[in-house]
Amino acid sequence: MSDINTAIALLINCFSRYAGKEGNPHTLTKAELKDLLQNELAELLGKASDKSAVDKIFKELDSNQDNTVDFAEFGKMIFCLTVMCHEFFVGKK
Ligand SMILES: [Ca+2]
């Protein structure tokens, strides 16, 4: 598999693993998002796991305001983080 195929498969897998913990297995609740941020993104986001930070991130990600984060909404965050990392690695910022 190509690198990008692998990355996409890993993202889908990771999302499903957390989304499947409670409620709808295809969307993240706030608690599931918190777990995901803490376990998978702590290096990138630092202390994004305290309650007010999680509340803020959840609200920003839930663009259709249905009180869950679906894969498309999650994907937007991953895309933003990828752009941030790219800027960091190519030394633009
Ligand atoms: Ca949503």
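This text goes with the structure placed above it.
Remember, predicted model here, so these are calculated numbers, not experimental data. Per-chain numbering applies: the sequence of each chain, read as written, is numbered from 1 onward. A pLDDT threshold of at least 70 governs which residues receive local features in this predicted model, and a stricter bar of 80 or more applies before side-chain atom pairs are shown or counted, although totals over entire chains, interfaces and linings include all residues. For side-chain calculations, the full set of non-hydrogen atoms in the structure is used, while hydrogens and water are omitted.

Trainee: Whenever I open this one, the coordination of the calcium ion confuses me. Can you help?
Mentor: Under perfect tetrahedral coordination by four donors, a metal shows angles of 109.5 degrees; under perfect octahedral coordination by six donors, it shows angles of 90 or 180 degrees. Distances decide who is a donor: an N, O or S atom must be within 2.8 Å of the metal, or within 3.2 Å for Na, K and Ca. Water is not included, so sites may look incomplete. Within the protein, the calcium ion binds to Asp62 (OD), Asn64 (OD1), Asp66 (OD), Thr68 (O), Glu73 (OE) and Glu73 (OE); these donor distances fall in the range 2.3 to 2.5 Å. A site with four donors is called tetrahedral when every donor-metal-donor angle falls between 85 and 135 degrees; four donors are called square planar, and six octahedral, when opposite donors sit more than 155 degrees apart and all other angles fall between 65 and 115; any other arrangement is irregular. Here the calcium ion is ringed by 6 donor atoms whose angles at the metal span 53 to 155 degrees, and the overall shape comes out irregular. Counting residues between consecutive donors of the calcium ion along the chain gives the motif D-x1-N-x1-D-x1-T-x4-E.

Trainee: Looking at this model, I keep getting lost on helix H4 (residues 51-61). Mind explaining?
Mentor: Because each turn of an α-helix spans 3.6 residues, side chains separated by three or four positions in sequence point in the same direction. When H4 is considered as a whole, its buried residues turn out to be Ala53, Val54, Ile57, Phe58 and Leu61. The arc that holds every buried residue of H4, seen down its axis, measures 130 degrees, which confines them to one face. Relative to its buried face, H4 has exposed residues pointing more than 90 degrees away, namely Lys51, Ser52, Lys56, Lys59 and Glu60. Whether two residues are in contact is decided by their heavy atoms, any of which lying within 4.5 Å being enough. The helix and strand labels rest on DSSP assignments: H or I over at least four residues marks a helix, E over at least two residues marks a strand, and numbering proceeds from the N terminus. Considering only its buried residues, H4 is in contact with strand S1 (27-28), helix H2 (30-40), strand S2 (69-70) and helix H5 (71-89). For every residue, the accessible area obtained with a 1.4 Å probe (protein chains only) is divided by the maximum for its type, and the residue is called buried under 20%, exposed over 50%, and partly exposed between those limits. Each C-beta atom gives one direction from the helix axis, and the arc is the one those directions make.

Trainee: Which parts of the structure should I look at to understand the nonpolar core?
Mentor: Grouped burial of nonpolar side chains is what soluble globular proteins tend to show. By convention a nonpolar core is built from buried Ala, Val, Leu, Ile, Met, Phe, Trp, Tyr and Cys residues, the set being connected through side-chain atoms within 4.5 Å. Counting residues in each nonpolar core, the largest one holds 18 residues, and the members touching the most others are Leu28, Leu33, Leu37, Phe74 and Met77. Taken together, the elements giving at least two residues each to this core come down to helix H1 (3-19), H2, H4 and H5. With residues near it in sequence (within four places) discarded, methionine 77 still touches Leu37, Leu41, Ile57 and Leu61.

Trainee: Please clarify how the environment of methionine 1 should be interpreted in this entry.
Mentor: Positionally, methionine 1 belongs in the segment before H1. Sequence separation between methionine 1 and methionine 77 is 76 residues; the distance between their C-alpha atoms is 24 Å. Contact partners of methionine 1, with chain neighbours within four places excluded, come to Thr6 and Ala9.

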